Amino acid sequence: MGNSYNWNADANNVSADESLNSNNNNIPKPRAQRRLTGFLPSEIKAIESSIPLKSRESWKKHTVTNFSTSDEFEESFVRHVETTLARSLYNCDELAAYQATSQTMRDNLVTNWNKTQQRQTAKDQKRIYYLSLEFLMGRALDNALINTGNRDLVKDSVSELGFNLEDLISQEPDAALGNGGLGRLAACFVDSLSSGDYPAWGYGLRYQYGIFKQKIIEGYQVEVPDYWLKFENPWEIARKEIQIPIDFYGYVEHSTDAKGVKKSNWIGGERVIATAYDFPVPGYDTKNVNNLRLWSAQATTEFDFAKFNSGDYTNSVQATQRAETITSVLYPNDNFDSGKELRLKQQYFWVAASLHDILRRFKKSKRPWVELPDQIAIQLNDTHPTIAVVELQRVLVDLEGLSWDDAWSIVTKVFGYTNHTVMQEALEKWPVDLFQRLLPRHLEIIYDINLFFLQHVEKKFPGDRDLLSRVSIIEESNPRQIRMAYLAIIGSHKVNGVAELHSELIKTTIFKDFVKIYGASKFTNVTNGITPRRWLKQANPELAELIESKLGSDAYLKDLTLLKGLEKFVEEEDFIKAWAQVKTNNKARLIKLIKELTGIDIPNPEALFDIQVKRIHEYKRQQLNILAVIHRYLSIKATPAADRAKKFVPKVSIFGGKSAPGYYQAKRIIKLINSVSAVVNADAEVGDLLKVVFIPDYNVSKAEVICPASDLSEHISTAGTEASGTSNMKFTLNGGLIIGTVDGANVEITREIGEENIFLFGNLAESVEDLRHHHRYQGVQITESLQKVFDVIDQGLFGEASEFAPLLDSIRYQGDHYLVSDDFESYLKAQELVDETFKDTKEWVKKSVACVANSGFFSSDRAINEYAEGIWNIEPLSATD
Ligand SMILES: *Cc1c(COP(=O)(O)O)cnc(C)c1O
């Protein structure tokens, strides 16, 4: 194998055979041959003239057109049932009907995808490549129908054919290639990039198993594999002809060329092939369809003759099989670095394939390398793709022959890095030994990057040895580790946090020294956002319709600040009634889902729906919520029956979320919620004053039902720990109020909607360190009301007390790192205020309207425009033709 970096390993240029077997940098002879995509405008003429006129005419006559009428849709649907699926009128079940509907929709997307790619190639503007190890896309069909404006037509058409569109939509499995907020952000961003006509590609991995499915058995989380590709996936285009060789292990050869220049050459020891799967991403109200390219690992077809000849045939085949494990499973940790070797392999596999693809595309234009930063921007979604910084430097220096300095100046202009957390346990580090084995040349380059960086620091701050060891990419621990966040900062021209508070915090805590070195202007903020197409129009069609009827158009879906226009209707009696009715209908929809999933009856749809759905994590503090629920339960029981209705509003406490499989403290929280649910829901004395529900297997399509149904949602992380949060935005956009801490984007939500419309409580981020210090040296103060809750748990009211002891002990004896005790009273007070406010229904509904009217800022379109302008320097490319 050796150093066979073949730029043309892509069937868009050459055949798969050529790409696999050539082991030098031979550029194929220019030929006027027909190719799939990616030809330059100058080449089109040559290709055209090589095709006989008659052929061209036949071809043009049969150009594929998109369906645009019911008749055309139905014709294509039936054709797909009978040919693609090889079925008929008599055995077309709902799954088949979903498949045929999707295939028909896909046909439209693919033709627009082709035109978009040709347009982008022809115009050759600067493009943005968004690298994310997670894309939590959810379902594609409904989204495609909405974005292309075909939903009503398709609903009527499938109905004529004997199907109900909603039933077909629900046949689709979620594409759940992500853990939570970070992956969903990437999904919202690709929607906004397409909708804003930006020339943009997403790059990720096509895991065969997405995030596990969560079953709740006897109150415990049980993980079940999510084999989401069980049936044919109509939304992907398999490009098996694209085969990019990716090497691992091996050694580095050093030499000096005739001119005395030192050369390094990495000889890989194991090769895996990356094949591409493309997912068309349709924009809303535009013909622009961008590409999300996910890589899949395949065994190389090169045969190991040494092993074969030694008679070790079976082992030889097994080794190739191992290749495929690289993209078999998504690591199920959210905000936690597990440091597994296979994870690092995933990262390099994905990054090397993506960069190869990006650079191949650039090289076709025959521009000099200095122009690379004018043509491409690459965004690193967290540190997961940071090795791209090193890989690009390696390609430019080792393979393209640039000098170190010229290469490095290009590299640092190309990358931007988005930080997603300040929590130590989530910051990625890799042992130096692991790098040495897996990516020996990359380790050398990291050492050089570090050396030159530290020399720069030494020059600027002479003699500050503490500073040098604090900012070194290499942590001198045992074992020595590579700090990926530092590498990402040093290799990028901009570093951004994801909400104002978070972006300030990174500058004053974890990256403080780098602000000193680079100045504050390298560090910036882009507050996260969500796409209103999925999170309003698709998730809450009734609210979208009411809004459209008041605003007179659906233009707000492209400019979400237009929602402000709703404010002038808050005094209209009919409007307020209609608004309240939509919420009630959405709550009824959730009641039905809860019944299906848990068997629990919610008797009172007028009850206050208080919802906390997100990954289960100590920092997100579901334990604070459930402890307060227990407190409420005890308070109800301690109040004379006759006084209860006056004192308490009926409430349903709803939880949902997955725990990482190895995160035992989070799993105890799930068990406690389910145990409390069992006791409270069975207590006739409490009746409908309190119900507790844990919705199993929280995912995107469930979020679409849950978010529109909240009266109140909980975003109650320990101040300073939640970088932004995005479900806070989803709930606000759907007219739910928030109870929350002064953390993440809650701060900006408060600014936008007004502090009279949110229930804030708790200690501020600036107090957290002092409180933790106090706990360490003076112990933790457990208040009377919290002690009562601990007592009933200890007494076994919710089953075996020892099961929950580690949870309570972490608060009372182990320093209460997440400040549950410090915030408990203030949380109860905020909940009392919620009850009081909810009693005045009309006032509550007005607050709900205020939330929606002032949500405009939280559109991911706004976030993408900020990235485009402030970080990427890219322009939209209009799709009108
Ligand atoms: C939006 C979303 C998240 C992120 O929720 P946070 O409360 O911001 O952590 C996680 N999971 C799913 C399925 C989501 O849709």
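Keep in mind that what you see is a predicted model, and the values were worked out from it rather than measured.

## Points about the pattern of salt bridges
Reasoning step 1: Scanning all chains against the criterion turns up 57 salt bridges.
Reasoning step 2: For R361, the salt bridge identified is with D357, shortest N-O distance 2.9 Å. With R361 and D357 both in helix α12 (residues 341-364) and four residues apart, the pair spans about one turn of that helix. The pair R361 / D357 is uniform in exposure class, with both members buried.

## Describing the site of the ligand
Reasoning step 1: As a structural note, the neighbourhood of the ligand is formed by 13 residues, with K614, K620, T726, S727 and K730 the closest of them.
Reasoning step 2: The contact in question runs from an oxygen atom of the ligand to an N or O atom on the side chain of K620, over 2.7 Å.
Reasoning step 3: Between the ligand and the protein, one listed contact pairs an oxygen atom with a side-chain N or O atom of K730 at 2.6 Å.
Reasoning step 4: For the ligand, whose free accessible area comes to 390 Å², the fraction covered by protein is 96%.
Reasoning step 5: Breaking the shell around the ligand down by element, the ones donating at least two residues are α28 (700-706) and α29 (727-733).
Reasoning step 6: Its residues assigned to classes, the shell around the ligand shows four nonpolar, six polar and three charged.

## Points about the domain arrangement of the chain
Reasoning step 1: Along its sequence, the chain is organised into domain 1 (64-123 + 148-173) and domain 2 (532-858).
Reasoning step 2: For domain 1 versus domain 2, the distance between C-alpha centres works out to 39 Å.

## Quick notes on the sheet that holds strand β23 (residues 737-741)
Reasoning step 1: As summarised here, the arrangement of the six strands in space is β21-β20-β19-β22-β23-β24, forming an open sheet in which the pairing is parallel. Edge strands, defined here as strands with exactly one partner in the open sheet, are β21 (690-695) and β24 (759-761). For this sheet the average axis-to-axis angle between neighbouring strands, irrespective of direction, equals 20 degrees.
Reasoning step 2: Two strands pair when backbone bridges link them, and strand β19 (residues 608-613) and strand β20 (residues 651-656) are joined in this way by six bridges, in the parallel orientation. Pairing of L608 across the sheet is with K651, part of β20.
Reasoning step 3: Helix α27 (residues 664-681) rests against β20 and β21 of the sheet, and its axis sits at about 140 degrees to β21.
Reasoning step 4: Sheet strands in contact with helix α34 (residues 820-839) are β19, β20, β22 (712-715), β23 and β24, and its direction is about 165 degrees off that of β24.

## Re a nonpolar patch on the surface
Reasoning step 1: A contiguous nonpolar surface patch, about 240 Å² in accessible area, is contributed by Y209, Y227 and V329.
Reasoning step 2: As for its position among the elements, Y227 is in the loop between β6 (220-224) and β7 (237-248).

## Re the pairing of strand β4 (residues 200-205)
Reasoning step 1: Here β4 lies mainly inside the structure; six of its six residues are buried.
Reasoning step 2: Side chains of β4 alternate between two faces, with A200, G202 and G204 and W201, Y203 and L205 buried alike.
Reasoning step 3: Across four bridges, strand β1 (residues 127-131) lies against β4 in parallel orientation. Across the sheet, residue Y129 finds its bridge partner in β4, namely W201.
Reasoning step 4: Two elements, β4 and strand β11 (residues 289-299), share five bridges in a ladder whose sense is parallel. Bridge pairing in β11 links G204 to L294.

## Some points on the packing of aromatic side chains
Reasoning step 1: Tallied over the entire structure, the rule returns 25 aromatic pairs.
Reasoning step 2: A centroid spacing of 6.3 Å and a plane angle of 45 degrees characterise the contact between F77 and F163, whose relative ring orientation is tilted. Linking F77 in helix α4 (residues 70-84) with F163 in the loop between α7 (151-160) and α8 (165-169), this pair joins segments that are 86 residues apart in sequence. In this pair, the class of F77 matches that of F163, namely buried.
Reasoning step 3: Clustering of aromatic rings is evident, with ring pairs tying together F67, F73, F77 and F163.

## Topic: the sheet that holds strand β15 (residues 474-475)
Remark on secondary structure: sheet strands pair via backbone hydrogen bonds, oriented parallel or antiparallel.
Reasoning step 1: Here we have three strands laid out as an open sheet, ordered β14-β16-β15, and antiparallel in their pairing. Both edges of this open sheet fall to β14 (429-431) and β15, since each of them pairs with a single strand only.

## Digging into the environment of I473
Reasoning step 1: Mapping I473 onto the fold places it in the loop between α18 (465-471) and β15.
Reasoning step 2: Since its relative accessible area comes to 0%, I473 is described here as buried.
Reasoning step 3: Taking the C-alpha atoms as reference points, I473 and A485, 12 residues apart in sequence, are found 8.5 Å from one another.
Reasoning step 4: Residue contacts for I473: discarding those within four places in its chain leaves I446, I449, N450, Q481, I482, R483, Y486, L487 and I490.

## Section: the UniProt feature "modified residue: N6-(pyridoxal phosphate)lysine" (unreviewed entry) in the chain
Reasoning step 1: In the numbering used here, UniProt assigns the feature "modified residue: N6-(pyridoxal phosphate)lysine" (unreviewed entry) to K730.
Reasoning step 2: Among the structural elements, K730 can be located in helix α29.
Reasoning step 3: Other than its neighbours up to four places away in sequence, K730 contacts R184, I530, W535 and C707.

## Notes on the packing of helix α23 (residues 541-551) against helix α24 (residues 573-598)
Reasoning step 1: Close contact between α23 and α24 brings their axes to 9 Å; oriented N to C, the two are set at 165 degrees. Taken together, the axis directions place α23 and α24 in an arrangement best described as roughly antiparallel. Helix-helix and strand crossings are classified by hand; for α23 and α24 the assignment is right-handed. Across the interface between the two elements, P541, E542, L543, L546, I547 and K550 from α23 touch F575, A578, W579, V582, N585 and R589 from α24.

## Overview of the environment of P199
Reasoning step 1: One can find P199 in the loop between α9 (181-195) and β4.
Reasoning step 2: The spacing of P199 and E875 is 676 residues in sequence and 8.0 Å in space, taken between C-alpha atoms.
Reasoning step 3: Those residues within four positions of P199 in sequence are excluded, and the remaining contacts are Q120, Q125, K126, R127, I128, E875, P876 and L877.

## What to know about helix α25 (residues 622-638)
Reasoning step 1: Across its 17 residues, α25 extends 24 Å between first and last C-alpha, which sits within 8% of the 24 Å expected from 1.5 Å per residue.
Reasoning step 2: Among the 17 residues of α25, 13 are classified as buried, and the element is accordingly described as predominantly covered.

## Regarding unusual backbone geometry
Reasoning step 1: Along the chain, N478 connects to P479 via a cis peptide bond; the corresponding omega equals 0 degrees.
Reasoning step 2: Among the secondary structure elements, P479 is positioned in the loop between β15 and β16 (481-483).
Reasoning step 3: Although it is not a glycine, D124 adopts a positive phi angle of roughly 55 degrees.
Reasoning step 4: Summarising the element assignment, D124 is placed in the loop between α5 (94-123) and β1.
Reasoning step 5: Judged by its relative accessible area of 23%, D124 falls in the partly exposed class.
Reasoning step 6: A positive phi angle is found at D197, which is not glycine, with a value near 60 degrees.
Reasoning step 7: Position of D197 among the secondary structure elements: in the loop between α9 and β4.

Criteria and thresholds
- Residues numbered from 1 in each chain as written.
- Predicted model: local features only at pLDDT ≥ 70, side-chain atom pairs only at ≥ 80, totals over all residues.
- Heavy atoms only, no water.
- Salt bridge = Lys/Arg side-chain N within 4 Å of Asp/Glu carboxyl O.
- Helix = DSSP H or I, 4+ residues; strand = E, 2+ residues; numbered from the N terminus.
- Buried < 20%, exposed > 50% of the residue type's maximum accessible area, 1.4 Å probe, protein only.
- Near = heavy atom within 4 Å.
- Polar contact = N/O pair within 3.5 Å; in protein donor to acceptor, adjacent residues only side chain to side chain.
- Areas by Shrake-Rupley, 256 points an atom, 1.4 Å probe, with all protein chains shown as cover.
- Nonpolar A, V, L, I, M, F, W, Y, C, P; charged D, E, K, R; others polar.
- Domains from an automatic or database assignment.
- Pairing = 2+ DSSP bridges.
- Axes fitted to C-alpha atoms, helices over the stretch in contact; angles between N-to-C directions.
- Contact = heavy atoms within 4.5 Å.
- Patch = residues over 30% accessible without salt bridge, like charges linked within 9 Å, V, L, I, M, F, W, Y side chains within 5 Å.
- Phe/Tyr/Trp six-rings, centres within 6.5 Å; stacked < 30°, edge-to-face > 60°.
- UniProt positions renumbered as here; feature names shortened; annotations may be inferred.
- Parallel < 35°, antiparallel > 145°, perpendicular 65-115°, else oblique.
- Left-handed = near helix turned anticlockwise from the far one by under 90°.
- Expected span 1.5 Å × (residues − 1).

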